[in-house]
Protein chains: 2
Amino acid sequence: MKSDTVYKRAFNQALDIIVAGNWEEGPPSETVLGRDMGVSRTTVRKVLSRLGERHILAAAERGRRTILRRPQPDDYFPDAETTSRTQHVESRFMDWMLRGDTRPGTLINELELARQFSVATASIREFLIRFSRFGLIEKRPNSGWLFKGFTPAFALELFEIRVMFELRSARLFAMQPADSPLWVKLEALRADHLKLLREIETRYHDFSDLDSRFHQLISRAVPNRFIDEFYDVISLIFHYHYQWNKKDEKQRNEAAIEEHLAYMDGLESRDVTSVERACLHHLNSARETLLRSLMSHDEFGKSP
Amino acid sequence: MKSDTVYKRAFNQALDIIVAGNWEEGPPSETVLGRDMGVSRTTVRKVLSRLGERHILAAAERGRRTILRRPQPDDYFPDAETTSRTQHVESRFMDWMLRGDTRPGTLINELELARQFSVATASIREFLIRFSRFGLIEKRPNSGWLFKGFTPAFALELFEIRVMFELRSARLFAMQPADSPLWVKLEALRADHLKLLREIETRYHDFSDLDSRFHQLISRAVPNRFIDEFYDVISLIFHYHYQWNKKDEKQRNEAAIEEHLAYMDGLESRDVTSVERACLHHLNSARETLLRSLMSHDEFGKSP
DNA sequence: AACTTGTTTTTTGCCGTTAAAAAACGTACC
DNA sequence: GGTACGTTTTTTAACGGCAAAAAACAAGTT
């Protein structure tokens, strides 16, 4: 059956809101609550009912509920129970693919994965169909899925497209009118970059988030659904890949921040040539990093 | 349960082979047969067994089966029984989307479509997940799918990418060495274009096939899985779209053939500027055609 | 009339199961 | 040892069903 992670996540979220002291006057209406937490009223009512059972919230009295006590750590549902089946399958699969000794050419067996991840085959199937657009697996009808490998060839093809898309978006960004709100956002992002650079010693893994915010800002200046979709591919690849490859993370990120700053200078100069130069410089070094990491994985982690 | 379309298609295919007179000495071994028809031995045996039941093939005698009679039209399974569930859902959905009065912003209901197409919801779900990469629908978790519409905006975004990819591929094609087999293939394709142009009055719908062969040839010169995948999007869109919009088909195709020929001249000149000019000219007119057709559909077919 | 909460209906997400199809296993023949 | 065919096992494709979550409906309140 369907998992109740939506409810459990919403419940934890409600506890956070109470802790933050936002319900001093009692919670807002069910409808408003549902909108704020992004769930249906059905779920809101389930959350409120549990808050009542646990004596955190008093029963409604003349349409007003009051807070009885401050939530404690053990009121929360554990994190493991708040990740949906879909997320679970995704992370297990990425792990299996990136960390396991899965070699290019391997045939993926739905049934086996289902057993291994303890989910139904349908969940695996749906995931694989969704995942197939990332270009790493390919369907063989009435047979399994072919794993094509997270290989240098994959990285090169990915970056060929990425360069085309990013150059296009960077050029269009530089052509935005001076009063566009994008420039303000870019300045804010520059400030975040500078801040992170000062605190690089301790906060260097926060770069990954900054990186995706930066590239999203550029590419969303003039949106195109196919480019947006492609960025989902990039994000997922980098998300899992960097979770696995921590080597030289600090140096890599420090260098990338400098490249981003130069890239921003280029954009603000509005000079196409310097935009392109800075953009290419950054993407080339990103490609090198990814390639180097794939090679070393091949050499030390996977050879027979 | 699973449909037996694989078997039925294979059976019809076997009848064709017999009619073509290729089994005069009896059929080859089950293994070879399976490889040739692209099915497993299990299916081959089912086919052979039915051929026996219907007295088309005699029982094996000293390892040799012989043909008893020539297959008749009523030996064939009807076409309707040879289309897989997946194909069926695809064509029904495209019809629903393109011909029906489905407006942008409509929420797609899995259950309703399942009932309408008489398939299980899982089949619809899987199709929608696969289809979502075409950028026309978007998932709303725990709710349905949002139909974003086959709108001019969609066509413009599609062509923005198409132009980027095609210019890249055309440039790379023009840079191929003179002894590359691609040039031979291009010449053959040119001949097909000229032939079709001469017989345009009667054979004008054959252009669609020629068009996709031409663009595939160019883009596969230096392959990139993401570009290949994007061409699947283009092919599907054009396949169903032109099935529906027949207006001015002859003139449109005639003009497109001329553009293709100019494009080929550009490629063979190996001059980047002329390649780009011819390529852009063709793509611009293709975009115009699609846009015009979308507009007229909006105006006359769908307005309330 | 817009809002709020209680109740019912519908739809999604997910599992278990079954027939079709593939793959693996076994045996015999040359 | 390789190839051909009979048999068994495994896997995919697709259905029906059930709990979670959303959506629709209903009635009461301000």
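Nothing here was measured: the structure is a model prediction, and the numbers come from that model.

The rules behind these values
- Residue indices begin from 1 for each chain and proceed along its sequence in written order.
- Chain letters start at A and ligand numbers start at 1, both assigned in the order the entries are written.
- Thresholds applied to this predicted model are a pLDDT of at least 70 for local features of residues and 80 or more for the giving and counting of side-chain atom pairs; totals over whole chains, interfaces and linings are not thresholded and use all residues.
- Note that the side-chain values use all heavy atoms of the structure and ignore hydrogens as well as water.
- The method works on a 1 Å grid over the protein atoms by themselves. A cavity is a set of points holding a 1.4 Å probe that cannot get out, a pocket is an open set with protein on both sides within 12 Å along at least five of seven lines, and residues with an atom within 4 Å of a point line them.
- Grid points are joined across faces, edges and corners, and a volume is the space filled by probe spheres set on the points.
- Helical segments are the DSSP runs of H or I of at least four residues, strand segments are the runs of E of at least two, and each set is numbered from the N terminus.
- A fitted line through C-alpha atoms represents every axis, and for helices the fit uses only the stretch in contact; the resulting angles, taken between N-to-C directions, go from 0 to 180 degrees.
- Each angle is binned into one of four classes, with values under 35 degrees roughly parallel, values over 145 roughly antiparallel, values of 65 to 115 roughly perpendicular, and all other values oblique.
- In this scheme the crossing of two helices becomes right-handed for a clockwise turn of the near helix relative to the far one and left-handed for an anticlockwise turn of less than a right angle.
- The contact definition used throughout considers only heavy atoms, calling two residues in contact when any of these lie within 4.5 Å.
- For this classification, Asp, Glu, Lys and Arg are treated as charged, while Ala, Val, Leu, Ile, Met, Phe, Trp, Tyr, Cys and Pro are nonpolar and the rest, including Gly, are polar.
- Least-squares superposition aligns the copies on the C-alpha atoms of those residues with pLDDT at or above 70 in both.
- Where each domain starts and ends comes from a domain assignment, either automatic or drawn from a database.
- As used here, buried area is the combined drop in accessible area, with a 1.4 Å probe, of two parts when they are placed together.
- What counts as a salt bridge is simple: a side-chain nitrogen of Lys or Arg found within 4 Å of a carboxyl oxygen of Asp or Glu.
- Each polar contact in these results corresponds to two N or O atoms within 3.5 Å; when the atoms are within protein, one needs to be able to donate a hydrogen and the other to accept it, and residues that are neighboring in sequence are counted only if both atoms are side-chain atoms.
- Near, as used in this document, describes a residue that has one of its heavy atoms within 4 Å of the molecule or strand being considered.

Undergrad: Could you clarify how one ought to interpret empty space enclosed by the protein in this entry?
TA: One water molecule sets the probe size; rolling that probe over the atoms shows where empty space is left. Using the criterion set out here, one finds one cavity of 30 Å³ or more in the structure. If you add up the space inside the largest cavity, you get close to 240 Å³. Phe226, Glu229 and Phe230 of chain A together with Phe226 and Glu229 of chain B are, among the 13 residues lining the largest cavity, the residues nearest its centre. Taken together, the elements giving at least two residues each to the lining of the largest cavity come down to α11 (225-244) of chain A together with α7 (152-174) and α11 (225-244) of chain B.

Undergrad: How should I be thinking about the packing of helix α4 (residues 85-98) of chain B against helix α6 (residues 121-131) of chain B in this particular structure?
TA: Packed helix pairs are specified by the crossing angle of their axes together with the interaxial distance, meaning the distance between the axes. Residue and element names in this part refer to chain B. Closest axis-to-axis distance for the α4/α6 pair is 10 Å, and the angle between their directions is 65 degrees. The orientation of α4 relative to α6 falls into the category roughly perpendicular. Of the two possible hands of crossing, α4 and α6 adopt the one that is right-handed. Residues Arg85, Thr86, Val89, Glu90, Phe93, Met94 and Met97 of α4 form the contact with α6, whose own contacting residues are Ser123, Ile124, Phe127, Leu128, Arg130 and Phe131. Residues belonging to the contact of α4 with α6 are distributed by class as follows: eight nonpolar, two polar and three charged.

Undergrad: How should unusual backbone geometry be read in this particular structure?
TA: In terms of backbone geometry, most residues other than glycine have negative phi values and most peptide bonds are trans. Residues and elements named next belong to chain B. Of note, the phi angle at His55 is positive, near 60 degrees, even though the residue is not glycine. Note that His55 resides in the loop between α3 (41-53) and α4. At Arg270, a residue that is not glycine, the phi angle is positive and equals roughly 60 degrees. In this structure, Arg270 sits in the loop between α12 (249-269) and α13 (272-302).

Undergrad: Honestly, the relation of the copies chain B and chain A in this entry has me stumped. Any pointers?
TA: Put simply, the second copy of the chain is the first one after a rotation about an axis and a shift along it. Between chain B and chain A, the superposition needs a rotation of 180 degrees and an axial shift of 0.0 Å, giving an RMSD of 0.1 Å. Classification of the inter-copy transformation places it as that of a two-fold axis. A shared interface surface links the copies, since 100% of the contact residues of chain B are contact residues in chain A too.

Undergrad: What is the right way to look at the domain arrangement of chain A in this model?
TA: Think of interface size as the accessible area that goes away when the parts come together; that is how it is often given. All names here are of chain A. Along its sequence, chain A is organised into domain 1 (5-82), domain 2 (85-147) and domain 3 (152-302). The C-alpha centroid of domain 3 is placed 28 Å from the C-alpha centroid of domain 2. With 14 residues of domain 2 at the contact, the number on the domain 3 side is twelve residues. Buried area between domain 2 and domain 3, both sides added, is near 1200 Å², and the carbon and sulfur share of it is 62%. Contact with domain 3 buries surface across domain 2, with Leu98, Arg133 and Phe134 losing the most and accounting together for 44% of the total. Linking domain 2 with domain 3 are one salt bridge, by the criterion used here. Of the charged contacts in the structure, one is a salt bridge between Arg133 and Glu229, with a shortest N-O distance of 3.5 Å. One can count one residue pair in polar contact (both at pLDDT 80 or more) joining domain 2 with domain 3. Looking at the side of domain 2 that touches domain 3 element by element, the count peaks at five residues for helix α4 (residues 85-98). Considering only residue class, the side of domain 2 that touches domain 3 consists of six nonpolar, four polar and four charged.

Undergrad: Explain the protein's contact with DNA strand C to me, please; I cannot follow it from the model alone.
TA: Residues in contact with DNA strand C amount to 38 residues; listed here are only the nearest, Arg41 and Arg45 of chain A together with Thr42, Thr43 and Arg125 of chain B. What you see for DNA strand C is that sugar and phosphate hold 74% of its atoms within 4 Å of the protein. Contacts to DNA strand C include Glu110 of chain B, whose backbone N or O atom sits 3.2 Å from a phosphate oxygen. The separation between a phosphate oxygen of DNA strand C and a polar main-chain atom of Asn142 of chain B is 2.8 Å. Broken down by element, the surface near DNA strand C gets its largest block of residues, four residues, from α3 of chain B. Per-class residue counts for the surface near DNA strand C are ten nonpolar, 15 polar and 13 charged.

Undergrad: What is the right way to look at the protein's contact with DNA strand D in this model?
TA: The environment of DNA strand D is formed by 38 residues, the closest being Thr42, Thr43 and Arg125 of chain A together with Arg41 and Arg45 of chain B. Backbone atoms, meaning sugar and phosphate, make up 76% of the atoms of DNA strand D lying within 4 Å of the protein. One of the side-chain nitrogen or oxygen atoms of Lys139 of chain A is found 3.0 Å away from a phosphate oxygen of DNA strand D. Between Ser29 of chain B and DNA strand D, the recorded distance is 3.4 Å, taken from a side-chain N or O atom to a phosphate oxygen. The element best represented in the surface near DNA strand D is helix α3 (residues 41-53) of chain A, accounting for four residues. Residue composition of the surface near DNA strand D, by class: ten nonpolar, 15 polar and 13 charged.

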